[in-house]
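For reference, the chains in residue letters:
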2 protein chains.
Amino acid sequence: MKTHTLLMPLDMHLHLRDGVMLENIAPLSAYSFSGALIMPNLVPPVETLEDVKAYKERIMATVPNDFFEPYMTLFYKNYDKKFLATIVDHVTAIKLYPAGITTNSEGGLSSFNIEEMRETLEAMSILGIPLCVHGESDGFVMDREEEFMSIYELLATNFPDLKIVMEHITTKAAVDMLDKHKNLYATITVHHLLFTLDDVVGGMMMPHNFCKPIAKRPEDLDALLSVALEAHPKVMFGSDSAPHSKEKKECSGCAAGVFSAPIALQLLCEIFEQYDKLDNLQAFISDNAQSIYKICPEFKEVILEKRPFIVPASYSNVVPMYASRAINWAIRSVE
Amino acid sequence: MKTHTLLMPLDMHLHLRDGVMLENIAPLSAYSFSGALIMPNLVPPVETLEDVKAYKERIMATVPNDFFEPYMTLFYKNYDKKFLATIVDHVTAIKLYPAGITTNSEGGLSSFNIEEMRETLEAMSILGIPLCVHGESDGFVMDREEEFMSIYELLATNFPDLKIVMEHITTKAAVDMLDKHKNLYATITVHHLLFTLDDVVGGMMMPHNFCKPIAKRPEDLDALLSVALEAHPKVMFGSDSAPHSKEKKECSGCAAGVFSAPIALQLLCEIFEQYDKLDNLQAFISDNAQSIYKICPEFKEVILEKRPFIVPASYSNVVPMYASRAINWAIRSVE
């Protein structure tokens with residue numbers, strides 16, 4: 001049976017939520033990943049050192065027997081440099097949300113005033129804390145990411161020593177930015193390597209494929225595939241796996257988020273094999289992230305094998321992407 | 001209190017379904033409309049004279065006490081002219097669906113071979129039977145209608161004496177066609193005068209706003225409003241009101257269709273008043289359709305008044321557009 005081995009897989013954009021949801025889903029990521037960058041959009045958001053430490057402890061309590069590192073993040077505000085110096089050893093990045101743009105982002109930034117942000121972003125540049133950004137305007141849903149490119153330009157040129165990660169990119173416009181500014185990086189989800197808007201509303205309307213940013217056009221999908229499959233050194237895997245209960249998805253107003261964490265490695269093997277690029281998956285799933293974030297995850301070896309695997313209909317009360325569908329790769333072992 | 005009177009409102013694109021659903025919803029249209037063009041996409045589709053007569057009888061049985069005319073349609077196939085001569089007095093139009101493009105369209109046309117269609121479309125031209133078309137390609141969801149414009153061109157130029165109605169148009173591209181070909185007409189829904197894709201997937205995902213063709217971009221909405229508000233003489237109201245049970249909308253694969261019939265007149269008053277075009281609503285809601293289809297509906301006078309009206313949360317087990325929301329106009333009386 002054909003197998004493929006991945007070393008220290010990393011998920012550089014993960015929502016673990018809190019409480020019972022955290023307990024139910026964190027073990028699924030901890031099983032197959034060496035570590036993950038944990039998003040701070042709890043209610044209320046993670047914005048103090050105490051919040052970071054306490055959330056990390058709650059995460060670790062759910063996965064006592066796994067080698068799994070939760071790389072913590074702080075919810076972006078215009079913090080002063082004294083505060084940032086106290087948290088630098090406890091967070092891997094700071095995550096910026098435009099206000100109201102996605103789940104639990106109400107406390108985010110309502111305008112991009114460079115002068116108001118200068119102290120924070122210069123301190124982050126000096127301290128070496130990357131800025132992760134949910135890059136969407138408040139415009140028409142298909143244009144939001146492309147419209148945000150001018151903000152990335154502004155940030156990248158004003159803070160040339162700041163590492164800026166364009167999170168969960170979905171457009172050719174964002175892909176094109178990677179080679180324009182040396183300090184711009186990106187994460188890409190597995191669902192955005194498979195979906196266009198057709199998979200959300202092109203046939204039946206599919207709430208479990210609905211996320212923000214929404215999947216875009218075929219030419220955008222092609223652009224994302226091109227940099228992911230080549231493992232462009234500025235691109236990393238970030239699942240943006242974002243669980244909601246079935247009741248919050250299959251209803252009259254469905255929450256945004258695709259739950260992909262437990263099947264991400266299997267699907268990535270399928271995609272990279274399909275394009276005959278399996279050799280590049282290691283860089284996309286781990287090596288690039290290690291270089292970009294300067295992190296050294298503990299050893300973990302995941303062996304996948306090519307055999308039919310039926311995705312579960314649900315994990316506790318969360319319906320995953322591709323629920324009940326057969327995919328071509330499965331996890332054989334994790335060591 | 002401000003009032004507005006509409007005479008003989010017509011809904012030139014209506015799905016009444018069959019069985020219990022028909023019994024539940026037909027009275028809602030029959031109450032406020034003088035007549036409606038009834039879509040033939042039942043399972044199996046309406047495609048014989050017997051089907052037409054029997055379906056019309058089933059409709060009339062649900063609305064015994066209303067002055068309501070169901071203008072019947074036949075599901076398009078390449079019929080011969082002899083057959084068409086036998087049905088001309090029993091149908092108002094023939095409705096063409098590309099195969100598989102929407103609910104119950106599996107028996108539709110899988111290719112547009114003009115020579116294979118010639119006998120049918122020439123006979124329809126001679127007999128004066130309009131062709132109503134669901135104009136979407138099988139391409140990317142946001143491009144489907146625009147891609148179909150070449151088919152409209154082909155039909156309009158090859159059959160210059162055939163009246164062709166572009167159903168439920170959603171794009172500027174379709175609006176632009178109206179003045180290019182004298183034999184092209186269009187219906188517009190009320191939801192496409194209010195929604196863009198933002199209302200479907202721009203915030204939460206809204207299954208009750210999901211329909212085919214899907215609502216498009218802001219500039220498309222503007223183009224639709226421009227011809228509707230001016231009551232362009234080639235444009236008519238057609239609700240495309242398409243009920244599905246709540247269970248088929250709020251689930252893992254939501255059916256396409258917005259249920260708007262019971263609130264269409266109220267919403268149209270609100271829209272036309274907002275743009276100070278109430279005087280044009282009569283042409284959009286009835287007069288244009290009478291001219292285009294050469295129909296003379298029985299007298300019905302609907303008086304609407306400007307007062308808050310809370311849209312019901314559901315009509316039997318169907319959730320309407322704007323469920324539980326307050327709108328600004330209500331029906332005062334129907335005579």
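Quick caveat, the model's predicted, so the values are computed rather than measured.

Thresholds applied
Residues numbered from 1 in each chain as written. Chains lettered and ligands numbered in written order. Predicted model: local features only at pLDDT ≥ 70, side-chain atom pairs only at ≥ 80, totals over all residues. Heavy atoms only, no water. Phe/Tyr/Trp six-rings, centres within 6.5 Å; stacked < 30°, edge-to-face > 60°. Lys NZ or Arg CZ within 6 Å of the ring centre and 35° of its normal. Pairing = 2+ DSSP bridges. Helix = DSSP H or I, 4+ residues; strand = E, 2+ residues; numbered from the N terminus. Axes fitted to C-alpha atoms, helices over the stretch in contact; angles between N-to-C directions. Parallel < 35°, antiparallel > 145°, perpendicular 65-115°, else oblique. Left-handed = near helix turned anticlockwise from the far one by under 90°. Contact = heavy atoms within 4.5 Å. Disulfide = S-S within 2.5 Å. Buried < 20%, exposed > 50% of the residue type's maximum accessible area, 1.4 Å probe, protein only. Buried area = accessible area lost by both parts, 1.4 Å probe. Salt bridge = Lys/Arg side-chain N within 4 Å of Asp/Glu carboxyl O. Nonpolar A, V, L, I, M, F, W, Y, C, P; charged D, E, K, R; others polar. UniProt positions renumbered as here; feature names shortened; annotations may be inferred. Polar contact = N/O pair within 3.5 Å; in protein donor to acceptor, adjacent residues only side chain to side chain. Right-handed = clockwise from strand over helix to strand, strands pointing away. Core = buried A, V, L, I, M, F, W, Y, C linked by side-chain atoms within 4.5 Å.

Caption draft 1: Fine view of the packing of aromatic side chains. In the structure shown here, the tally under the stated rule is 18 aromatic pairs over all chains. These aromatic residues form a ring-pair network of at least three members: Phe33(A), Phe237(A), Phe272(A) and Phe284(A). Positioned over the ring face of Tyr185(B) is Lys234(B), at 5.4 Å from the centre of the ring.

Caption draft 2: Looking closely at the sheet that holds strand E8 (residues 184-188) of chain B. Residues and elements named next belong to chain B. In space, the 8 strands of this open sheet follow the order E2-E3-E4-E5-E6-E7-E8-E9, with parallel pairing throughout. In this open sheet, the two strands that pair with only one neighbour each are strand E2 (10-14) and strand E9 (235-237). Pairs of neighbouring strands in the sheet enclose a mean axial angle of 25°, with direction left out of account. One ladder, built from 3 bridges, connects strand E4 (residues 69-75) with strand E5 (residues 93-96); its direction is parallel. In the strand pairing of E5, Leu 74 is matched with Ile 94.

Caption draft 3: How the structure looks around the packing of helix H1 (residues 19-32) of chain B against helix H2 (residues 49-62) of chain B. All names here are of chain B. Close contact between H1 and H2 brings their axes to 8 Å; oriented N to C, the two are set at 65°. Classified by the angle between their axes, H1 and H2 sit roughly perpendicular to one another. Helix-helix and strand crossings are classified by hand; for H1 and H2 the assignment is right-handed. Residues Leu 22, Glu 23, Ala 26 and Pro 27 of H1 touch H2, and the partners they reach there are Tyr 55, Arg 58, Ile 59 and Thr 62.

Caption draft 4: Summary view of the state of the cysteines. Residues and elements named next belong to chain B. With the rule as written, the count across this model stands at 0 disulfides over all chains. This cysteine, Cys 132, is not joined by any disulfide, and Cys 211 carries the nearest cysteine sulfur, 18 Å off. Its sulfur unpaired, Cys 211 is 10 Å from the next cysteine sulfur, which belongs to Cys 254.

Caption draft 5: Geometry of the environment of Leu127(B). All names here are of chain B. Inspection of the secondary structure puts Leu 127 in helix H4 (residues 114-127). Exposure remark for Leu 127: the relative accessible area of 30% places this residue in the partly exposed category. Once you skip the residues sitting within four places of it in the chain, Leu 127 turns out to touch Leu 84, Ala 85 and Val 88.

Caption draft 6: Representation of the interface of chain B and chain A. Between chain B and chain A, the contact holds 30 residues from the first and 30 residues from the second. Buried surface at the junction of chain B and chain A, summed over both partners, amounts to about 2,400 Å²; 64% is from carbon and sulfur atoms. The interface formed by chain B and chain A contains 4 salt bridges. Ionic pairing is found between Asp198(B) and Arg144(A), a salt bridge with its closest N-O pair at 3.3 Å. Residue composition of the side of chain B that touches chain A, by class: 16 nonpolar, 7 polar and 7 charged.

Caption draft 7: Expanded view of the UniProt feature "binding site: Zn(2+) 1" (unreviewed entry) in chain A. All names here are of chain A. Per the UniProt annotation, the sites labelled "binding site: Zn(2+) 1" (unreviewed entry) are His 13, His 15, Lys 95 and Asp 240. The greatest C-alpha distance among the annotated residues, which extend across 228 residues, is 12.9 Å, indicating that they converge on a single site. In this fold, Lys 95 is placed in strand E5 (residues 93-96). Among residues more than four places away in sequence, those in contact with Lys 95 are His 13, Met 39, Pro 40, Thr 73, Leu 74, Phe 75, Tyr 76, Cys 132, Val 133, His 134 and Glu 167. Examined against the element boundaries, Asp 240 turns out to sit in the loop between strand E9 (235-237) and helix H10 (246-249). Residue Asp 240 is classed as buried on the basis of its relative accessible area, which comes to 6%. Excluding residues within four positions of it along the chain, Asp 240 makes contact with Asp 11, His 13, His 15, His 168, Thr 189, Lys 212 and Val 258. In this structure the side chain of Asp 240 is engaged in a polar contact, spanning 2.9 Å, whose partner is the side chain of His 15.

Caption draft 8: Fine view of the UniProt feature "domain: Amidohydrolase-related" (unreviewed entry) in chain A. Residues annotated by UniProt as "domain: Amidohydrolase-related" (unreviewed entry) correspond here to residues 11-251 of chain A. With 37% helix and 14% strand, the stretch residues 11-251 of chain A has end C-alpha atoms that lie 29 Å from each other.

Caption draft 9: Expanded view of the pattern of salt bridges. Residue and element names in this part refer to chain A. The final tally for this structure, using the stated rule, is 28 salt bridges over all chains. Taking the shortest distance from any N to any O, the salt bridge between Asp 176 and Lys 172 comes out at 3.0 Å. Placement of both Asp 176 and Lys 172 in helix H7 (residues 172-177) is noted, with a separation of 4 residues, approximately one turn of the helix. Residue Arg 217 pairs with Glu 219 through a salt bridge whose shortest N-O separation is 2.7 Å. Among the charged side chains, a salt-bridge network with shared partners connects Lys 2, Glu 273 and Lys 306.

Caption draft 10: Representation of the pairing of strand E3 (residues 35-38) of chain B within the structure. Residue and element names in this part refer to chain B. Side chains Gly 35 and Leu 37 project from E3 onto one buried face, and the interleaved Ala 36 and Ile 38 project onto a second face that is buried too. With respect to chirality, the unit in which E2 leads through H1 into the neighbouring parallel E3 is right-handed. Across 4 bridges, the pairing between E3 and E4 is parallel. Directly across from Gly 35, in E4, lies its bridge partner Glu 69. What joins E3 to E4 is H2, and the crossover it makes is right-handed.

Caption draft 11: Geometry of the nonpolar core. Grouped together as the largest cluster of nonpolar side chains are 220 residues, with contacts concentrated most on Leu197(A), Val201(A), Phe284(A), Leu197(B), Val201(B) and Phe284(B). When sequence neighbours within four positions are dropped, the list of residues in contact with Val201(B) reads Val141(A), Val201(A), Met205(A), Phe210(A) and Ile214(A).

Caption draft 12: View of the packing of helix H4 (residues 114-127) of chain A against helix H6 (residues 149-158) of chain A. All names here are of chain A. H6 packs onto H4 with a crossing angle of 50° between their chain directions and a minimal axis gap of 11 Å. One element, H4, and the other, H6, form an angle in the oblique class. Considering how the two elements wind past one another, H4 and H6 form a crossing that is right-handed. In contact with Ile 114, Met 117, Arg 118 and Leu 121 of H4, H6 contributes Leu 154, Leu 155 and Asn 158. Looking at side-chain class alone, the contact of H4 with H6 contains 5 nonpolar, 1 polar and 1 charged residues.

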